[in-house]
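The residues making up each chain are set out below.
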Amino acid sequence: MSSSDFRQIAIRTEAGKAERLFRAAVSAFCSLTRPSRREIAQLEDLTLPLFDEVSVESRRYVAAALSECEYAPAALVRRLAEEPVEIAAPLLTRSNALSDIDLIALIGRHGLPHARTIARRKALNATIAQLIRALERPTLVKTRPPETITKLAPVKPAPADTAEDKQPVPGEAEEGARRRLRSMMRPTGDGVAVNLFLGQPTYVKLRETALTGNAAFFQTALADALDVDFTTARSVTEQPSYAALLSALKALDLSEDRAFLIAVAVYPGEFPHPQAIRLFLDRYRLLHREAALDKVRTWKAETLSRAIRGNAADAATTERREASNSDGLATNLKAS
């Protein structure tokens with residue numbers, strides 16, 4: 001089928017039911033040897049509005065077809081990848097349109113079923129493969145106190161019968177990204193917890209404390225990393241959006257994937273769909289590091305100002321207490 005045939009399908013308004021048009025458009029697109037950007041956008045414009053109107057069987061057919069397509073439209077692939085594994089499996093195992101960040105986000109939202117399917121990908125990123133193994137054996141994953149985060153510590157394997165009981169149940173995605181990511185992010189070997197980022201303690205501490213779900217732990221780690229007080233770190237993470245945290249992570253010069261992982265752990269509700277993730281990454285790329293450093297300098301100045309005011313207040317209190325003690329002593333001497 002030629003490129004002109006595909007374009008005719010895309011613009012034909014009398015094509016009939018959404019089901020037939022959905023399948024025909026994708027079939028025509030997959031026959032193109034090297035589709036143009038316009039044709040890729042055309043397919044997305046045509047199929048995405050029809051997505052909720054077509055059957056599970058049509059979605060499964062399209063997912064299988066696009067999994068073999070070298071230039072598959074990314075938006076449609078991501079939408080299909082959010083479907084249950086019965087539909088999304090071909091894309092999860094083969095599609096080049098899914099980046100490593102897309103795969104991490106899918107595991108974070110859908111848990112073990114998607115993770116097991118992604119594990120079958122050829123040339124899978126070694127870090128993601130280790131995360132999936134950790135998710136497969138959650139009994140070897142334990143949360144440690146922040147002060148021991150950067151150390152390697154042996155973990156006693158749980159008995160096989162209890163390990164079976166503690167595995168995540170499919171369908172628990174609604175419990176939130178934080179709980180699943182906490183299980184993912186401690187890759188394991190033969191009964192030993194392995195720190196993949198040894199030698200980078202700042203990121204490790206931020207990551208681990210964020211994934212505990214304890215806000216105070218993460219705020220303390222962030223205060224240490226930025227050299228600000230706890231009050232400032234708390235204000236950064238308790239804002240309605242992640243804008244301030246974005247500046248903090250950029251100032252620390254974290255890579256996009258590491259910044260995203262921390263952000264999704266602290267603000268899981270801000271990433272309900274792939275477009276929200278893409279928006280975060282775009283904002284992170286566009287944020288100039290010098291602007292982020294200026295923001296952190298402002299926070300440090302506020303920290304110093306509070307410390308000075310606190311010291312002045314303490315000094316005044318001490319003077320009043322000493323004066324009061326002196327007056328009391330003088331009164332007692334007179335009475336004697």
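- The protein chain is annotated in an unreviewed UniProt entry as DUF2336 domain-containing protein of Mesorhizobium captivum.

What to know about the overall build of the protein chain
Turning to step 1, where the next piece is worked out: Each helix and strand in the protein chain was counted, giving 18 helices and zero strands.
Turning to step 2, where the next piece is worked out: When burial is assessed residue by residue, the protein chain has 43% of its 336 residues classed as buried.
Turning to step 3, where the next piece is worked out: Here the protein chain displays about 17800 Å² of accessible surface, and carbon together with sulfur accounts for 53% of that area.

A look at the packing of helix 15 (residues 243-251) against helix 17 (residues 274-286)
Turning to step 1, where the next piece is worked out: For the pair helix 15 and helix 17, the least separation of the axes is 10 Å and the interaxial angle reads 55°. Taken as axis vectors, helix 15 and helix 17 run oblique relative to one another. Considering the relative orientation of helix 15 and helix 17, their crossing is right-handed. For the pair formed by helix 15 and helix 17, the contact residues are L246, L249 and K250 on the first element and F280, R283, Y284 and R285 on the second.

Quick notes on the side chain of T47
Turning to step 1, where the next piece is worked out: Topologically, T47 is positioned in helix 3 (residues 37-47).
Turning to step 2, where the next piece is worked out: Given the relative accessible area of 0%, T47 is considered buried.
Turning to step 3, where the next piece is worked out: A distance of 2.7 Å separates a polar atom in the side chain of T47 from the backbone oxygen of L43.
Turning to step 4, where the next piece is worked out: Among all residues touching T47, those that are not within four sequence positions of it are F22, A25, V26 and L76.

A closer look at the pattern of salt bridges
Turning to step 1, where the next piece is worked out: Scanning the entire structure with this criterion turns up 14 salt bridges.
Turning to step 2, where the next piece is worked out: R79 is the partner of E83 in a salt bridge, and the nearest nitrogen-oxygen pair spans 3.1 Å.
Turning to step 3, where the next piece is worked out: Take E83: its relative accessible area is 9%, and that puts it in the buried class.
Turning to step 4, where the next piece is worked out: For R79, a relative accessible area of 29% puts it in the partly exposed group.
Turning to step 5, where the next piece is worked out: When the shortest N-O distance is used, the salt bridge between R285 and D282 registers 3.0 Å. Placement of both R285 and D282 in helix 17 is noted, with a separation of three residues, approximately one turn of the helix.

Details of the packing of aromatic side chains
Turning to step 1, where the next piece is worked out: In total, this model carries seven aromatic pairs according to the counting rule given.
Turning to step 2, where the next piece is worked out: Considering the side-chain rings of F271 and F280, the 5.7 Å spacing of their centres and the 80° angle between planes classify their relative orientation as edge-to-face.
Turning to step 3, where the next piece is worked out: Exposure remark for F271: the relative accessible area of 4% places this residue in the buried category.
Turning to step 4, where the next piece is worked out: Through a chain of ring-to-ring contacts, three or more aromatic side chains come together here, namely Y242, F260, F271, F280 and Y284.
Turning to step 5, where the next piece is worked out: The ring of Y61 carries R23 above its face, with NZ or CZ at 4.8 Å from the centroid.
Turning to step 6, where the next piece is worked out: Directly above the aromatic system of Y284 lies the positively charged group of K250, at a separation of 4.6 Å from the ring centroid.

Some thoughts on helix 13 (residues 215-226)
Turning to step 1, where the next piece is worked out: With twelve residues, helix 13 should cover 16 Å at 1.5 Å per step; its first-to-last C-alpha distance of 16 Å lies within 8% of that length.
Turning to step 2, where the next piece is worked out: The opening residue of helix 13 is N214, an N-cap whose side-chain oxygen sits 3.0 Å from the backbone nitrogen of A216.

A word on the packing of helix 16 (residues 256-266) against helix 17
Turning to step 1, where the next piece is worked out: Remark: helix 16 packs on helix 17, axes separated minimally by 10 Å, with the N-to-C direction vectors making an angle of 125°. The orientation of helix 16 relative to helix 17 falls into the category oblique. Classified by chirality, the crossing of helix 17 by helix 16 is right-handed. Seen from helix 16, the contacting residues are E256, A259, F260 and A263; seen from helix 17, they are I277, F280, L281, Y284 and R285.
Turning to step 2, where the next piece is worked out: Its residues assigned to classes, the contact of helix 16 with helix 17 comprises seven nonpolar, no polar and two charged.

Thresholds applied
Residues numbered from 1 in each chain as written. Predicted model: local features only at pLDDT ≥ 70, side-chain atom pairs only at ≥ 80, totals over all residues. Heavy atoms only, no water. Helix = DSSP H or I, 4+ residues; strand = E, 2+ residues; numbered from the N terminus. Buried < 20%, exposed > 50% of the residue type's maximum accessible area, 1.4 Å probe, protein only. Areas by Shrake-Rupley, 256 points an atom, 1.4 Å probe, with all protein chains shown as cover. Axes fitted to C-alpha atoms, helices over the stretch in contact; angles between N-to-C directions. Parallel < 35°, antiparallel > 145°, perpendicular 65-115°, else oblique. Left-handed = near helix turned anticlockwise from the far one by under 90°. Contact = heavy atoms within 4.5 Å. Polar contact = N/O pair within 3.5 Å; in protein donor to acceptor, adjacent residues only side chain to side chain. Salt bridge = Lys/Arg side-chain N within 4 Å of Asp/Glu carboxyl O. Phe/Tyr/Trp six-rings, centres within 6.5 Å; stacked < 30°, edge-to-face > 60°. Lys NZ or Arg CZ within 6 Å of the ring centre and 35° of its normal. Expected span 1.5 Å × (residues − 1). Nonpolar A, V, L, I, M, F, W, Y, C, P; charged D, E, K, R; others polar.

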